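Fold and contact review
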Amino acid sequence: DAMVIQNPRYQVTQFGKPVTLSCSQTLNHNVMYWYQQKSSQAPKLLFHYYDKDFNNEADTPDNFQSRRPNTSFCFLDIRSPGLGDAAMYLCATSGPGLARTDTQYFGPGTRLTVL
Amino acid sequence: AQSVTQPDIHITVSEGASLELRCNYSYGATPYLFWYVQSPGQGLQLLLKYFSGDTLVQGIKGFEAEFKRSQSSFNLRKPSVHWSDAAEYFCAVAFRGGSARQLTFGSGTQLTVLP
């Protein structure tokens, strides 16, 4: 089955220690998104890639970076995690473009704990 | 400003009872409408979507939703709830004139199912 995969499902890091979260997809979608979801809140878009074009949301902290080496993979790097960065991180894809009718499909998420 | 409202933060129903989750949007035209479900510790799963046409939309897991233009609503319904339906439900809207990335989520409704 075509799907969005996130690894690891649970990640524990220390305050200030860089961490990388991974997302891969078999849907061959052009667009990949990263969302942050804190407890009992709606997902908040951090950024997205349209093919290799990176698009940052205006209020995404500089502490968050992303890489997309190819169509299938996308990484979220948190350079210096703070306690406030503890959250569920969701990867989503849509395609083939950014049309309003292109539905976003989500992965299972990575739960990040910062000690 | 464009917005999505889910008036009910938490709903409790008995197994076998009917369910209706409310979603209202504020916008001058008809948007694209989605319902997602999130089980504890999981990502978001698409239940159904409405773009145009028949205003009653059938989704997975026995869910349906009805778009009512006059009420700016897209309420989710299920005739008989199962214990496995306990989860958080998010209404999401893509407003026309935007792109797939501009998916606005409601704040979510937590569903508890009593045996």
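Residues numbered from 1 in each chain as written. Chains lettered and ligands numbered in written order. Predicted model: local features only at pLDDT ≥ 70, side-chain atom pairs only at ≥ 80, totals over all residues. Heavy atoms only, no water.

1. Section: the confidence of the model for chain B
Detailed reading of predicted coordinates is not advised where the pLDDT is low. This is how it is decided: Confidence of the prediction at every residue is given by pLDDT, a number between 0 and 100. Labels follow the DSSP assignment, with helices taken as runs of H or I lasting at least four residues and strands as runs of E lasting at least two, numbered in each case from the N terminus.
Overall, the predicted model of chain B reaches an average pLDDT of 91, with 94% of residues at or above 70. No element of chain B has a lower mean pLDDT than strand E11 (residues 103-105) of chain B, at 87, and none a higher one than strand E3 (residues 19-21) of chain B, at 98.

2. Some remarks on the packing of aromatic side chains
The way to describe two aromatic rings as a pair is by their centre distance and the angle between their planes. How we decide: Geometry of aromatic contacts follows a simple scheme: Phe, Tyr and Trp rings, the Trp one being its six-membered ring, pair when their centres are within 6.5 Å, and the pair is stacked under 30 degrees between planes, edge-to-face over 60, tilted otherwise. Note on classification: 1.4 Å probe, protein chains only; a residue is buried when its accessible area is under 20% of the maximum for its type, exposed when over 50%, partly exposed between these limits.
Within the structure shown, the criterion is met by 18 aromatic pairs over all chains. Arranged with centres 5.4 Å apart and planes meeting at 45°, the rings of A:Tyr35 and A:Phe106 form a pair that is tilted. With A:Tyr35 in strand E4 (residues 31-37) and A:Phe106 in strand E10 (residues 105-106), the pair connects residues that are 71 residues apart, well separated along the chain. One exposure class covers both A:Tyr35 and A:Phe106, and it is buried. Each ring, one from B:Tyr36 and one from B:Phe105, has its centre 6.1 Å from the other, and the planes form 45°; the classification is tilted. On the criterion of sequence distance, the pair formed by B:Tyr36 in strand E5 (residues 32-38) and B:Phe105 in strand E11 is long-range, its members being 69 residues apart. Members of the aromatic cluster, joined through ring pairs, are A:Tyr33, A:Tyr35, A:Phe106, B:Tyr32, B:Phe34, B:Tyr36, B:Phe51, B:Phe90 and B:Phe105.

3. Focus on the state of the cysteines
In plain terms, the rule: Cysteine sulfur atoms that pair up within 2.5 Å are treated as a disulfide.
Per the stated rule, a full pass over the model turns up 2 disulfides over all chains. Bridging A:Cys23 to A:Cys91, the disulfide has an S-S length of 2.0 Å. One disulfide, between A:Cys23 and A:Cys91, carries an S-S torsion of -70° and so falls in the left-handed class. Of this pair, A:Cys23 sits in strand E3 (residues 19-25) while A:Cys91 sits in strand E9 (residues 87-94), and the two are 68 residues apart along the sequence. With respect to burial, A:Cys23 and A:Cys91 carry one shared label: buried. Residue B:Cys23 pairs covalently with B:Cys91 via a disulfide, S to S 2.0 Å. Across the disulfide from B:Cys23 to B:Cys91, rotation about the S-S bond amounts to roughly -60°, and the bridge is consequently left-handed. Highlighted residues: B:Cys23 in the loop between E3 and strand E4 (24-26) and B:Cys91 in strand E10 (residues 87-94), separated in sequence by 68 residues.

4. Some thoughts on unusual backbone geometry
All names here are of chain A. Between Asn 7 and Pro 8 the backbone carries a cis peptide bond, its omega angle lying at -10°. Along the chain, the position of Pro 8 falls in the loop between strand E1 (4-7) and strand E2 (10-13). Look at Asp 51: it is not a glycine, yet its phi comes out positive at around 55°. Along the chain, the position of Asp 51 falls in the loop between strand E5 (44-50) and strand E6 (53-56). By relative accessible area, Asp 51 is classed as partly exposed at 38%.

5. Quick notes on the environment of A:Gln104
All names here are of chain A. The following threshold applies: Under this definition, polar contacts are N or O atom pairs within 3.5 Å; protein pairs additionally need one hydrogen-donor-capable and one acceptor-capable atom, and for neighbouring residues in sequence, both atoms have to be side-chain atoms.
With respect to the secondary-structure elements, Gln 104 resides in the loop between E9 and E10. Using a relative accessible area of 2% as the deciding quantity, one classes Gln 104 as buried. Through-space distance from the C-alpha of Gln 104 to that of Pro 8 is 21 Å; in sequence the pair is 96 residues apart. Engagement of the side chain of Gln 104 in a polar contact is seen with the side chain of Tyr 35, the distance being 2.7 Å.

6. Examining the pattern of salt bridges
Side chains that differ in charge, positive against negative, can pair when their charged atoms come close. Heads up, the rule is: For this document, the term salt bridge refers to a Lys or Arg side-chain nitrogen within 4 Å of an Asp or Glu carboxyl oxygen.
Within the structure shown, the criterion is met by 6 salt bridges over all chains. One salt bridge in this structure joins A:Asp59 and A:Lys44, with 3.4 Å as the shortest N-O distance. Taken together, the residues span a long stretch of sequence, with A:Asp59 in the loop between E6 and strand E7 (64-67) and A:Lys44 in strand E5 at a distance of 15 residues. Judged by its relative accessible area of 51%, A:Asp59 falls in the exposed class. Residue B:Asp8 pairs with B:Arg22 through a salt bridge whose shortest N-O separation is 2.9 Å. Of this pair, B:Asp8 sits in the loop between strand E1 (3-5) and strand E2 (10-14) while B:Arg22 sits in the loop between E3 and E4, and the two are 14 residues apart along the sequence. The buried category is assigned to B:Asp8, whose relative accessible area is 18%. Connected through shared salt-bridge partners, B:Glu64, B:Glu66 and B:Arg77 make up one network.

7. Brief notes about the side chain of B:Asp85
Structurally, B:Asp85 is set in the loop between strand E9 (73-78) and E10. Separated by 2.8 Å, the side chains of B:Asp85 and B:Lys78 make a polar contact.

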